[in-house]
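Per-entry structural report
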Amino acid sequence: MTRLTASLDGIGLLGPGLQNWPQTRSILRGEAIYLSCRTQLPAPQTLPAAERRRATAAVKLTLATGLEAVAAAGMQAAHLATVFTSSGSDGLNCHEICAALACSDRMISPTRFHNSVHNAASGYWGIATGAMAPSTVLCALDASFGVGLLEALVQVAVLQQPVLLLAYDTGYPEPLHSVRPIPDSFGLALALTPKRSDRSLARLSIRAAAPFTDDPANTLTNADLDALRRSIPAARALPLLEALSRGESGTVVLDHLPGQGLAVTIDPS
Amino acid sequence: MQPPASPSPPLQFAAATVTSCLGTGLELHRLALRQGSSGLAPCRFETVDLPTWIGEVAGVDEVRLPRQWADYDCRNNRLAELALQQDGFAAAVQAAAARHGSHRVGVFLGTSTSGILQTELAYRERDAQGAFTTDLHYAQTHNTYSLAAYVSARFGLRGPAMVVSSACSSSAKVFATAQRMIAANMIDCAVVGGVDSLCLTTLYGFNALELLAPDPCRPFDARRMGLSIGEAAAFVLLEAAPAQAADEAVLLLGAGESSDAHHMSSPHPEGLGARLAMQAALAQAGLQPSAIDYINLHGTATPSNDRAEGRAVASLFGPTTPCSSTKGATGHTLGAAGGVEAVFCMLALRHGFLPGGTGADMLDPAFTRDTPLNYLLQPVETAPRHVMSNSFGFGGTNCSLVLARGG
């Protein structure tokens, strides 16, 4: 296995000033102007009412992007294995817990506690879609998108089955923001499958034996979008999305760990 | 859903170690498991004021990280460092990196709360405006990735590094990640396992869910009243097994994963997700249920978890396969539990015994009546050939591993 390859059949996206993949694609192609504004998170209609009330930003974000990607790919969410990747668990929820634990009575709500696990979004995804397939939940700080893509491509290539990759981050309130300055929510979902089809947007691949490179990461020409890339770890995927939006072939280097870029090759269908 | 076909040949445990409230290193755990002793004690952790028992590792506060990685200093990474120093594990990783190249060694570790204790403490020291007044190295301590970042940095590794954080299945699922990465030829070997350390979030969180027992936890016992929280670190160095594995080798034959799609904090009542994970692990190992000689149950000692797992095990294996939970000995070590119990299974295979269900002395009559199980109340001296380890977590995330003796 010299290259790990998957067909990209659907994209879901939500971020500051970015409402979905078709609108983002127009912006990345330079056909529409990028206007930054707070990320608009839709209410998760697919969840039962009790879970909908408890849904955090991460849950709303992953349900919106995941379902957009699955619909575009013509896949069934209930049968799909998933890879969730995020640079940290829910910052707001974590703030509330740590603040409560600093008080004398230390009362925290059961809902806050179960929303504190890094796999909360994966759990709600299963409840919303009925998916009993495996779900892998990863974290690698600022390299979280990169390791998610590695893991998803490995799963597609080794297991020869479709995988939905969901990368997401949500904003951190003060005082956590002072040590982890993530300003807002950004999420994307990529529906990946072993076989090329009429729906395929492109083939993505990495070198199995040497996925990393010393080359610097690609940047975006739009300064506002490049600032977004740098400020939210999940948005480190934007150079890949820009190349996809333009139907370009070639290799994109994504920010991974310090001194270690992830080289992804795009082969348009 | 069809379980996936075997994607890879077996891997072997090239090195392993475990540190928990039972002690540091393999030998103390082998002795404790053979004797059925427990490391649980009344909770005196930090300023915690809860009527519960915990599995605290002695001496964690005295551990000092190598100076160049001082920013990583937190209870979780101290516990990791303490464990890495046992059983020649650090030397085995260094030898593997020298043999294969540092970019060919992966680091896949599980944790649930990582070094969040640092942030909990910093929140107590906020100023009048709510700002931190202490140095908080968020990325190196609190962040979930901190554990894998520390282990990678400490050994100068350059392969893929990530943390799997899916609550209590975390450090079981890393075995599956390593298996796939080795099958894809991305790496030659992997440091897997997990570390979770005591913090206020989990103790007060499980208290809020009314799941903490007031006494040492007693999985599957008639009088069980909930769980005991523990802390632990377990590490395994995994590499491809030779075609003819040595008699003393311990092999990973299968890893099965599933999701419950049911509820965030309670399992599917019939254990449907658990059953899917066990079936997938058996399918990958190419084994029938009858080939399994012992199951290390997830067995947290909460009535709903034990009942769901008991039903799943009884429906798949019937009433005769020996099984037990070792959480009465260690407490529930959360994100480290899967790694800890995989190492316990390694000890059982290597030394020829089956751990008993520490803490239990009378099986819940529900299990003798509705879903009969061969639950071991005492350790048994017999040599298993194939064993299974179950790990099921919050959010309905399940993982089962099948391990075997070589030869």
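Everything numeric in this text was worked out from a predicted model, so none of it was measured. (Residues numbered from 1 in each chain as written. Chains lettered and ligands numbered in written order. Predicted model: local features only at pLDDT ≥ 70, side-chain atom pairs only at ≥ 80, totals over all residues. Heavy atoms only, no water.)

This brings us to the overall build of chain B. A count of helices and strands for chain B gives twelve helices and 15 strands. For a compact globule of 407 residues, the expected C-alpha radius of gyration is about 22 Å, and chain B comes in at 20 Å, within 12% of that figure. Counting the 407 residues in chain B, one finds 66% classified as buried. Long-range contacts, defined here as pairs at least 24 residues apart, represent 79% of the contacts in chain B between residues at least 6 apart. When the accessible surface of chain B is summed, it comes to about 12,600 Å², and 50% of that surface belongs to carbon and sulfur atoms. Measuring between centres, the 26 positive side-chain charges of chain B sit 4 Å from its 34 negative side-chain charges. (Helix = DSSP H or I, 4+ residues; strand = E, 2+ residues; numbered from the N terminus. Rg over C-alpha atoms; globule rule 2.2 N^0.38 Å. Buried < 20%, exposed > 50% of the residue type's maximum accessible area, 1.4 Å probe, protein only. Contact = heavy atoms within 4.5 Å. Areas by Shrake-Rupley, 256 points an atom, 1.4 Å probe, with all protein chains shown as cover. Lys, Arg positive; Asp, Glu negative; His and termini not counted. Charge placed at Lys NZ, Arg CZ, Asp CG, Glu CD.)

Our next topic: the environment of threonine 371 of chain B. Residue and element names in this part refer to chain B. Tracing the backbone shows threonine 371 in the loop between α12 (365-369) and β13 (374-375). Distance in space between the C-alpha atoms of threonine 371 and glycine 310 is 6.8 Å, their sequence separation being 61 residues. The residues contacting threonine 371, other than those within four sequence positions of it, are Gly310, Arg311, Ala314 and Ala366.

Residues and elements named next belong to chain A. Its place among the elements puts arginine 52 in helix α2 (residues 49-54). Ignoring any residue separated from it by four or fewer positions in sequence, one finds arginine 52 in contact with Pro44, Gln45 and Leu47. At a separation of 3.3 Å, a polar atom in the side chain of arginine 52 contacts the main-chain carbonyl oxygen of leucine 47. (Polar contact = N/O pair within 3.5 Å; in protein donor to acceptor, adjacent residues only side chain to side chain.)

Turning to the interface of chain B and chain A, a few remarks are in order. Between chain B and chain A, the residue contacts involve 63 residues of the former and 61 residues of the latter. The interface formed by chain B and chain A includes one salt bridge. One can count 15 residue pairs in polar contact (both at pLDDT 80 or more) joining chain B with chain A. When residues of the side of chain B that touches chain A are assigned to their parent elements, the largest contribution, seven residues, is made by helix α7 (residues 200-208) of chain B. Sheet analysis places strand β3 (residues 135-139) of chain A next to strand β6 (residues 161-164) of chain B, joined by two bridges and oriented antiparallel. (Salt bridge = Lys/Arg side-chain N within 4 Å of Asp/Glu carboxyl O. Pairing = 2+ DSSP bridges.)

All names here are of chain A. Applying the stated rule across the entire model yields 31 salt bridges over all chains. For aspartate 226, the salt bridge goes to arginine 230, with nearest N and O atoms at 2.8 Å. Here the residue aspartate 226 and the residue arginine 230 both occupy positions in helix α9 (residues 223-231), the gap between them amounting to four residues, near one helical turn. For aspartate 226, a relative accessible area of 7% translates into the label buried.

Another point: the pairing of strand β15 (residues 397-405) of chain B. All names here are of chain B. Of all the nine residues making up β15, eight are buried; the element is thus mostly covered by neighbouring parts of the structure. As paired strands, strand β14 (residues 386-393) and β15 are joined by eight bridges and run antiparallel to one another. Note that in β15 the partner of serine 389 across the bridge is leucine 401. The antiparallel hairpin formed by β14 and β15 contains three residues in its connecting segment, where glycine 395 sits at a positive phi of about 85°.

This next bit is on the sheet that holds strand β8 (residues 229-230) of chain B. Residue and element names in this part refer to chain B. In spatial order, the strands read β3-β4-β8; together these three strands make up an open sheet with mixed pairing. The open sheet has two free edges, formed respectively by β3 (41-42) and β8, since each of these has just one partner strand. Bridge analysis of strand β4 (residues 53-55) against β8 gives two bridges, and the strand direction is parallel. Looking at the pairing, glycine 55 lines up with glycine 230 of β8.

Time to look at empty space enclosed by the protein. The tally for this structure, following the rule as stated, stands at three cavities of 30 Å³ or more. Together, 25 residues line the largest cavity, and Ser116, Val117 and His118 of chain A together with Ser112 and Thr113 of chain B are the ones closest to its centre. Sort the elements by how many residues they give to the lining of the largest cavity and α7 of chain B lands first, with three residues. Of the residues that constitute the lining of the largest cavity, the class distribution is twelve nonpolar, 13 polar and no charged. (1 Å grid on protein atoms, 1.4 Å probe; cavity = no way out; pocket = protein on both sides within 12 Å on 5 of 7 lines; lining within 4 Å. Points joined across faces, edges and corners; volume = space filled by probe spheres on them. Nonpolar A, V, L, I, M, F, W, Y, C, P; charged D, E, K, R; others polar.)

Turning to the confidence of the model for chain B, a few remarks are in order. When pLDDT is averaged along chain B, the result is 96, and 98% of the positions lie at 70 or above. Taken together, the chains of this predicted complex give a pTM of 0.98 and an interface ipTM of 0.97. (pLDDT = per-residue confidence, 0-100.)

Take helix α1 (residues 21-29) of chain A next. All names here are of chain A. Among all positions of α1, only Trp21, Thr24, Ile27 and Leu28 are buried. All buried residues of α1 lie within an arc of 120° about the axis, which places them on one face of the element. One side-chain oxygen at the N-terminal end of α1 lies 2.9 Å from the backbone nitrogen of glutamine 23; it belongs to asparagine 20. Within two residues after α1, glycine 30 carries a phi angle of roughly 85°, on the positive side. (Arc of directions from axis to C-beta.)

What follows concerns the packing of aromatic side chains. The full count for this structure, using the stated rule, is eleven aromatic pairs over all chains. Aromatic ring contacts, followed pair by pair, group Phe113 of chain A together with Phe206 and Phe394 of chain B into a single cluster. (Phe/Tyr/Trp six-rings, centres within 6.5 Å; stacked < 30°, edge-to-face > 60°.)

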